[in-house]
Amino acid sequence: MKKENEIRFDDQVVIVTGAGAGLGRAYALLFAERGARVVVNDLGGNVHGQGGSTNSADQVVSEINAAGGIAVASYDSVVTPEGGVSIIDTAVQHYGRVDVLIHNAGILRDKSFLKLEEDDVRDVMDVHLNAAFWVCQPAFELMKQQNFGRIAFTTSASGLFGNFGQANYGAAKTGLIGLMRVLSIEGARYDIKVNCVAPSARTRMTEDLLGPLTERLDPRHVAPLIAYLCSRQCEFSSEIFSAGGGRFARVFLGLGPGWYSGGEIVEPETVAEHIDSIRNVDNYIIPKTGNEELEILLSTLGIKP
Ligand SMILES: NC(=O)c1ccc[n+]([C@@H]2O[C@H](COP(=O)([O-])OP(=O)(O)OC[C@H]3O[C@@H](n4cnc5c(N)ncnc54)[C@H](O)[C@@H]3O)[C@@H](O)[C@H]2O)c1
């Protein structure tokens, strides 16, 4: 029996990149269980982004089908514009539309900053950040035409808060926040909402890193938040959440009240004198857009917008 307020995706088409394993698999299974037709995209390479195989995407499609759900595999890499178009085309050719896009595909090339080589930077940027452009552009076009869309990006505590040995990965993951902000503004009038999730889960990416947390961090703990954020019920955009092990929390960028010089161009020593007030984050504000931040500045300066 259907529950009241049940979150369903019955007439919707959902694309999950990197859905052949780990978190993406958990997302794909939940969406399918909730009635979505799902494109299970996965290149099937190793955790460092080498190699490829159709097995992982096929296996998740089989699992979905065995449970009575509807899914199709896509083996394209997300790292090129052609790959992005092909992934979206798979959805359109099989199911006629795209309602939800989750960009989750990811690789790791962890090294301390000075040891990073060009490939380590380029490949990680390509899969996490540049790929978001390649999969989102064709999807955004369709979402705009149909006046509806939900997009979720996978960010990381590594980018939001920092982690040793992950300069490439952290920078790519935080780049997604900037993309989310702008797409949220550009998509607002078409009911396209874009949010980010920083997960913590036991997958092949993290299995050696979690220690005592390993048992507690089933990827299925993250999937319900992704499903909510991508549902019709979700009415906000441009927000960031941390999720793992059953704990869900918002992460935000705030603006402190600041210190105002009164309009004078000050000396560095004056900054030093007021540094505690400048750094103070009591009574912070969370601006929704860059313009809102500008309005706050104008108001401090006593200028009417
Ligand atoms: N597991 C965590 O705790 C954690 C923490 C923070 C962020 N993340 C992010 O969550 C996402 C999922 O990671 P996971 O932990 O499930 O790891 P995972 O390695 O199990 O899953 C990543 C999937 O992406 C696929 N993939 C890689 N490159 C691809 C490409 N070019 N095209 C298509 N698919 C590709 C892989 O084949 C793999 O199946 C990643 O973006 C990762 O950075 C995970």
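Preceding this paragraph is the structure being described.
Residues numbered from 1 in each chain as written. Predicted model: local features only at pLDDT ≥ 70, side-chain atom pairs only at ≥ 80, totals over all residues. Heavy atoms only, no water.

**Let's talk about the layout of surface pockets**
- Taken as a whole, the second largest pocket encloses approximately 440 Å³ of empty space.
- Surrounding the second largest pocket, 19 residues form its lining, Arg181, Ser238, Pro287, Lys288 and Thr289 being those nearest its centre.
- Elements with a contribution of two residues or more to the lining of the second largest pocket: helix H6 (167-187), strand E8 (247-251) and helix H10 (290-300).
- Per-element accounting of the lining of the second largest pocket gives the leading share, 4 residues, to H6.
- A per-class count over the lining of the second largest pocket returns 9 nonpolar, 5 polar and 5 charged. (1 Å grid on protein atoms, 1.4 Å probe; cavity = no way out; pocket = protein on both sides within 12 Å on 5 of 7 lines; lining within 4 Å. Points joined across faces, edges and corners; volume = space filled by probe spheres on them. Helix = DSSP H or I, 4+ residues; strand = E, 2+ residues; numbered from the N terminus. Nonpolar A, V, L, I, M, F, W, Y, C, P; charged D, E, K, R; others polar.)

**Observations concerning a nonpolar patch on the surface**
- On the surface, Tyr260, Leu294, Leu297, Leu301 and Ile303 cluster together into a nonpolar patch covering about 430 Å² of accessible area.
- Within the element layout of this structure, leucine 297 appears in helix H10. (Patch = residues over 30% accessible without salt bridge, like charges linked within 9 Å, V, L, I, M, F, W, Y side chains within 5 Å. Areas by Shrake-Rupley, 256 points an atom, 1.4 Å probe, with all protein chains shown as cover. Salt bridge = Lys/Arg side-chain N within 4 Å of Asp/Glu carboxyl O.)

**Focus on the environment of glycine 245**
- Looking at the secondary structure, you find glycine 245 in the loop between strand E7 (240-244) and E8.
- Residue glycine 245 is classed as partly exposed on the basis of its relative accessible area, which comes to 32%.
- Sequence separation between glycine 245 and histidine 48 is 197 residues; the distance between their C-alpha atoms is 25 Å.
- When near neighbours in sequence (up to four residues on either side) are disregarded, glycine 245 contacts Ser200, Arg216, Leu217 and His221. (Buried < 20%, exposed > 50% of the residue type's maximum accessible area, 1.4 Å probe, protein only. Contact = heavy atoms within 4.5 Å.)

**Concerning the site of the ligand**
- The immediate surroundings of the ligand are formed by 31 residues, with Asp42, Asn104, Tyr169, Thr203 and Arg204 found nearest.
- In the environment of the ligand, an oxygen atom lies 2.8 Å from a nitrogen or oxygen atom belonging to the backbone of leucine 23.
- Within the contact set of the ligand, an oxygen atom lies 2.6 Å away from a side-chain nitrogen or oxygen of threonine 203.
- Only helix H1 (22-33), helix H4 (118-146) and H6 provide two or more residues apiece to the shell around the ligand.
- In terms of residue class, the shell around the ligand is built from 12 nonpolar, 15 polar and 4 charged. (Near = heavy atom within 4 Å. Polar contact = N/O pair within 3.5 Å; in protein donor to acceptor, adjacent residues only side chain to side chain.)

**Regarding the pattern of salt bridges**
- One pass over the full model with this rule turns up 14 salt bridges.
- Residues glutamate 6 and arginine 8 are paired through a salt bridge, measuring 3.7 Å at the closest nitrogen-oxygen approach.
- Here glutamate 6 falls in the partly exposed class, since its relative accessible area comes to 22%.
- Across the salt bridge formed by aspartate 119 and arginine 122, the nearest N and O atoms sit 2.7 Å from each other.

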